[in-house]
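Notes for the structure review
Listed below are the residues making up each chain.
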Amino acid sequence: MSEVSSNSHSTELTSQYIAQVTGDLERNAKEQERVGAEIEALQEQLLALRHDHTVLVNMQDALGGPGSTPGAEAAAAPSVPHQVSAEPKQSKGKKAAATGAKKTAPKKPAAKTSSVKASTAAAAKPTLVELIRGHLEKQTEPRSAAEITTALTQAHPDRSVKTTVVRTTLEGLVAKSHAHRTKQGSSVFYTTAVNSEPAPAEPQQETVSG
């Protein structure tokens, strides 16, 4: 009788464990779905923030780049600490060059020449968005963000082009309907909004009944 009671007791414990594990699995699956949904929402927010960051960086380059006057550059320097800390030697060189220019050249001609050089430099340096759109317009097949980054780096070795920034810029173009995104397996490819839509065949060759 003792063996029968022990067997029944172990069977009850096993059934309780099975029920507990089943309930834990269901709760785990629901928690995974909830966390996954939150991660997707956060990824969308992060993508939007990266796009805004790219736009702001382009605006900063346009406003606080080489086109600004020396006084404006000195005033804007404290607001951008990463640029000052990243290139301390070049900032000192700029100050020394500025002091040397003041001693050797008159003030008015120096201001005019610097403004002309700054305007030509700003006009000759396109933004990353313009570079990406121009590259897509020249392509006949979809291109990935890594391929576009490689092409832009080879075409513009003086610029630091990162794949993450290119992908964010491409997503911004897709959001504005300036580009189209296609997915092949786990890879994402981009095409320009003009070339991605093939022109429909025009049935103009019709027999004219005589």
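The structure reproduced in this document is the subject of the present report. (Residues numbered from 1 in each chain as written. Predicted model: local features only at pLDDT ≥ 70, side-chain atom pairs only at ≥ 80, totals over all residues. Heavy atoms only, no water.)

Examining the overall build of the chain
This is how the line gets drawn: Only DSSP runs of H or I with at least four residues qualify as helices, and only runs of E with at least two residues qualify as strands; both kinds are numbered from the N terminus onward. Buried, partly exposed and exposed residues are distinguished by accessible area as a fraction of the type maximum, computed with a 1.4 Å probe on protein chains only: under 20%, between the cut-offs, and over 50%, respectively. Residue contacts are defined here by distance: any two heavy atoms, one from each residue, within 4.5 Å place the two residues in contact. All accessibility values rest on the Shrake-Rupley procedure with a 1.4 Å probe; residue burial counts only the protein chains present in the view.
When helices and strands are tallied, the chain shows eight helices and two strands. Overall, the chain shows an N-to-C arrangement of helices and strands of α-α-α-α-α-α-α-α-β-β. Looking at the chain residue by residue over its 210 residues, the buried ones come to 15%. By sequence separation, contacts in the chain at least 24 residues apart represent 51% of the contacts at least 6 residues apart. Within the structure as shown, the chain displays about 16400 Å² of accessible surface, and the carbon and sulfur contribution to it stands at 58%.

Examining the pairing of strand S1 (residues 179-184)
Note the cut-off: A strand pair is defined by DSSP finding two or more bridges across the two strands.
For S1 and strand S2 (residues 187-192), the ladder comprises six bridges, and the chain directions are antiparallel. Bridge pairing in S2 places His 180 opposite Thr 191. Taken together, S1 and the strand that follows it, S2, pair antiparallel across an intervening segment of two residues, in which Gly 185 is found at a positive phi of about 70 degrees.

A closer look at the nonpolar core
One recurring pattern in soluble globular proteins is that nonpolar side chains are buried together. We count it as follows: The set of buried Ala, Val, Leu, Ile, Met, Phe, Trp, Tyr and Cys residues whose side-chain atoms join them within 4.5 Å is what this entry labels a nonpolar core.
By size, the foremost hydrophobic cluster in this structure holds 13 residues, and its most contacted members are Ile 132, Leu 136, Ile 148, Leu 152, Val 166 and Leu 170. When contributions to this core are tallied by element, the ones reaching two or more residues are helix H6 (128-138), helix H7 (145-155) and helix H8 (163-175). Of all the elements, H6 adds the most residues to this core, at four residues. Residues contacting Ile 132, with those up to four places away along its chain left out, are Ile 148, Leu 152, Val 166, Thr 169, Leu 170 and Leu 173.

Structural notes on unusual backbone geometry
Despite not being glycine, Ser 177 shows a phi value in the positive range, around 65 degrees. Assignment of secondary structure puts Ser 177 in the loop between H8 and S1. Taking relative accessible area as the criterion, Ser 177 reaches 53% and is therefore assigned exposed.

A look at the packing of H6 against H7
What counts, and what does not: An axis is simply a line fitted to the C-alpha atoms; with a helix, the fit covers only the stretch in contact. Between two such axes, the angle follows the N-to-C directions and lies from 0 to 180 degrees. Here the word oblique covers every angle except those under 35 degrees (roughly parallel), over 145 (roughly antiparallel) and from 65 to 115 (roughly perpendicular). Amino acids outside the nonpolar list (Ala, Val, Leu, Ile, Met, Phe, Trp, Tyr, Cys, Pro) and the charged list (Asp, Glu, Lys, Arg) are all regarded as polar, and Gly is one of them.
Look at H6 against H7: their axes get within 11 Å of each other, and the N-to-C directions meet at 105 degrees. In terms of their interaxial angle, H6 and H7 are classed as roughly perpendicular. Contact residues: H6 offers Leu 128, Leu 131, Ile 132, His 135 and Leu 136, while H7 offers Ile 148, Ala 151 and Leu 152. Here the contact of H6 with H7 is built from residues that sort into seven nonpolar, one polar and no charged.

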